[in-house]
Amino acid sequence: VSVSVSVCVMLSSGVRPPVFSTAVRSLCVGACGREDAAMERPLQRRTGGVRDFQEIPHTGSNGWINLLRFWKDGRFSLLHKHMESTFRRLGPIYREYLGSQSSVNIMLPMDIGEVFRSEGLHPRRMTLQPWATHRETRRHSKGIFLKNGTEWRADRLLLNREVMVTSAVRRFLPLLDDVAQDFCRSLRHRVETEGVGETGQRSMTLDPSPDLFRFALEASCHVLYGERIGLFSSSPSEEAERFIWAIERMLATTLPLLYLPPRLLLALRAPLWTQHATAWDHIFSHAEARIQRGYQRLQTAVGGASDGRFLGVLGQLMEAGRLSSELIKANITELMAGGVDTTAVPLQFALFEMARNPGVQERVRAQVLSSWQQASGSPQKALQGAPLLKGTIKETLRLYPVGITVQRYPVRDIVLQNYHVPAGTLVQVCLYPLGRSPEVFERPERFEPSRWSLDAASGGGFRSLAFGFGSRQCVGRRIAENEMQLLLMHILRNFKLTVSSTEELNTKYTLILQPESPPRITFTTRSL
């Protein structure tokens, strides 16, 4: 979703791309067995000119046969691994045909820069057609996630004022900090009363994922609607649990629906479509109820205005009066639906990596404690003084990107890896292989937040793209980044984190990347 500040530095035209490892590619081709000639052909540059689009290596030219193979082999849940192995086999660019979709997939920063330089004034990405079909059949307005062109740009510029610019961040940062501190107080009380060990160093091992989902929902509601919903009590509301279930069901059903005609499934009343639409219906009804309460609060305020108080993003949009109520509902609903799993799951990965890298954990904690002491209670100053927190989030999303691709349709013909790519072609930047490539990152298997310091990051841009890039980057980026950093800051102040096993986590893909089984983490209290 996601522009007031550009986050990636453009590669200068004189920087040469990393050389893709021919030895690794040859080894993988030999291990994978024979494919057809187009798939197996190594990348060789012609001295005489740019190669034709049809010469780009591919995984098979029949999209429907490929789709059947994907389902048969269970590759959808391992799409990130499929991409990684395909790059190893075919080189740094390949074509993929799946059902009705076709794309060119890339992973090297120089190629990524070329794509983003060709995105135009109204960047376009792949439409999530199941979502669009739901809006159309239910007669809901579409938010910016599903819009393109001038209509998208007009709405996006209005939303940027409330969620992306520095003044907006200053308004909602204290709300996020309140929720993060309340979460840690609640968790600390639980560890102190139910854990084991001596007073002051009580320990408790648990799967934090349910708590993190509730934290993300509470934080999103506080920022978007300007109200708390009390999810840290011993008995969270059934409404909240149903909402989280609806988000998970919506995400799980989106992926297989992407490659099939939703209108046909709708006409056939296919169970998969029914589940998807029902999940979205619940998400919209949840948002509708909270939006109605927001309107009531604004109307009952003195003089019908907020009187300078921050009433959440919803209140700001209503008070500004530049978007219709239907468009406000559409965009707030999309922000809400996109702001729970996409922050809760990366926090699981971040806590796990901190726990299994105690040296990293201590370095980040030392910086956090020093910054917190000097900030005198200001969350903004505390975060500014602890850049390793931001590095921790970037490092987590390098290894475990929430969305595994960023897509664009270039507005002009471009050349990638010496192949001609026509304007209007769907090009996908594959983030999981990018983040784990030794061609792009030194020792990519290491979890090292300091690699993102200014000196360490001077090796080139377009390496950190978990929130997208440019005017179409994630519109909820500033909320998500600060939400995750603040929670990590207060967890590190309150607890030491450990895990019983430092083995790699197995991951699966269901429109977002997540652990196959959530990691169990031991929280040990620290003196404050």
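Residues numbered from 1 in each chain as written. Predicted model: local features only at pLDDT ≥ 70, side-chain atom pairs only at ≥ 80, totals over all residues. Heavy atoms only, no water.

Undergrad: Break down the overall build of the protein chain for me, citing the residues and quoting the values.
TA: Within the protein chain, the secondary structure is distributed over 20 helices and eleven strands. Taken across its 528 residues, the protein chain has 55% of its residues classed as buried. On the protein chain, roughly 22100 Å² of surface is accessible, and the fraction owed to carbon and sulfur atoms is 51%. (Helix = DSSP H or I, 4+ residues; strand = E, 2+ residues; numbered from the N terminus. Buried < 20%, exposed > 50% of the residue type's maximum accessible area, 1.4 Å probe, protein only. Areas by Shrake-Rupley, 256 points an atom, 1.4 Å probe, with all protein chains shown as cover.)

Undergrad: Please set out the pairing of strand β2 (residues 101–106) residue by residue, giving values where relevant.
TA: As defined by bridge partners, strand β1 (residues 93–98) adjoins β2 across six bridges and the pair is classed as antiparallel. Bridge pairing in β2 places L98 opposite Q101. Between β1 and β2, which pair antiparallel and follow one another directly, the connecting turn spans two residues, one of which, G99, has a positive phi of 60°. Sheet analysis places β2 next to strand β7 (residues 427–430), joined by three bridges and oriented parallel. (Pairing = 2+ DSSP bridges.)

Undergrad: Explain the sheet that holds strand β8 (residues 495–498) to me, using residue names and the numbers behind them.
TA: With antiparallel pairing, three strands are arranged side by side in an open sheet as β3-β11-β8. The open sheet terminates on both sides in strands that have one partner only, identified here as β3 (203–206) and β8. Going from strand to strand, the sheet's axes swing by 25° on average, the running direction of each strand aside. The sheet strands contacting helix α20 (residues 477–494) are β8 and β11 (521–525), and the helix crosses β8 at an angle near 95°. (Axes fitted to C-alpha atoms, helices over the stretch in contact; angles between N-to-C directions. Contact = heavy atoms within 4.5 Å.)

Undergrad: Describe empty space enclosed by the protein, with residues and values.
TA: A probe matching the size of a water molecule, rolled over the atoms, marks out where space remains unfilled. For the second largest cavity, the calculated volume is near 70 Å³. If you trace the second largest cavity, you find it lined by K394, L397, R398, L431, L434, G435, W452, R463, S464, L465 and A466. For the lining of the second largest cavity, the secondary-structure elements that each account for two or more residues are α18 (387–399) and α19 (431–435). Counted by class, the lining of the second largest cavity contains six nonpolar, two polar and three charged residues. (1 Å grid on protein atoms, 1.4 Å probe; cavity = no way out; pocket = protein on both sides within 12 Å on 5 of 7 lines; lining within 4 Å. Points joined across faces, edges and corners; volume = space filled by probe spheres on them. Nonpolar A, V, L, I, M, F, W, Y, C, P; charged D, E, K, R; others polar.)

Undergrad: Any details on the UniProt feature "binding site: heme" (unreviewed entry) in the protein chain? Residues and values, ideally.
TA: Within this numbering scheme, the UniProt entry marks C474 as carrying the feature "binding site: heme" (unreviewed entry). The topology assignment puts C474 in the loop between α19 and α20. A relative accessible area of 16% means that C474 is categorised as buried. (UniProt positions renumbered as here; feature names shortened; annotations may be inferred.)

Undergrad: Any chance you could break down the side chain of T522 for me, citing the residues and the numbers?
TA: Note on placement: T522 falls in strand β11. Residue class for T522 comes out buried when judged on its relative accessible area of 15%. Excluding its chain neighbours within four sequence positions, the residues that come into contact with T522 are S203, M204, T205, K496, L497 and T498.

Undergrad: Please set out the packing of helix α15 (residues 341–356) against helix α16 (residues 358–375) residue by residue, giving values where relevant.
TA: One can describe the packing of α15 onto α16 by two numbers: an axis separation of 5 Å at closest approach and a directional angle of 105°. Between α15 and α16, the crossing angle belongs to the class labelled roughly perpendicular. Every residue of α16 that contacts α15 at M354, A355 and R356 is listed here: P358, V360, Q361 and V364. Tallied by class, residues from the contact of α15 with α16 come to five nonpolar, one polar and one charged. (Parallel < 35°, antiparallel > 145°, perpendicular 65-115°, else oblique.)

Undergrad: Can you tell me about unusual backbone geometry, naming the residues and giving the values?
TA: For R269, which is not a glycine, the phi torsion comes out positive at approximately 55°. Position of R269 relative to the elements: it lies in the loop between α11 (262–268) and α12 (271–300).

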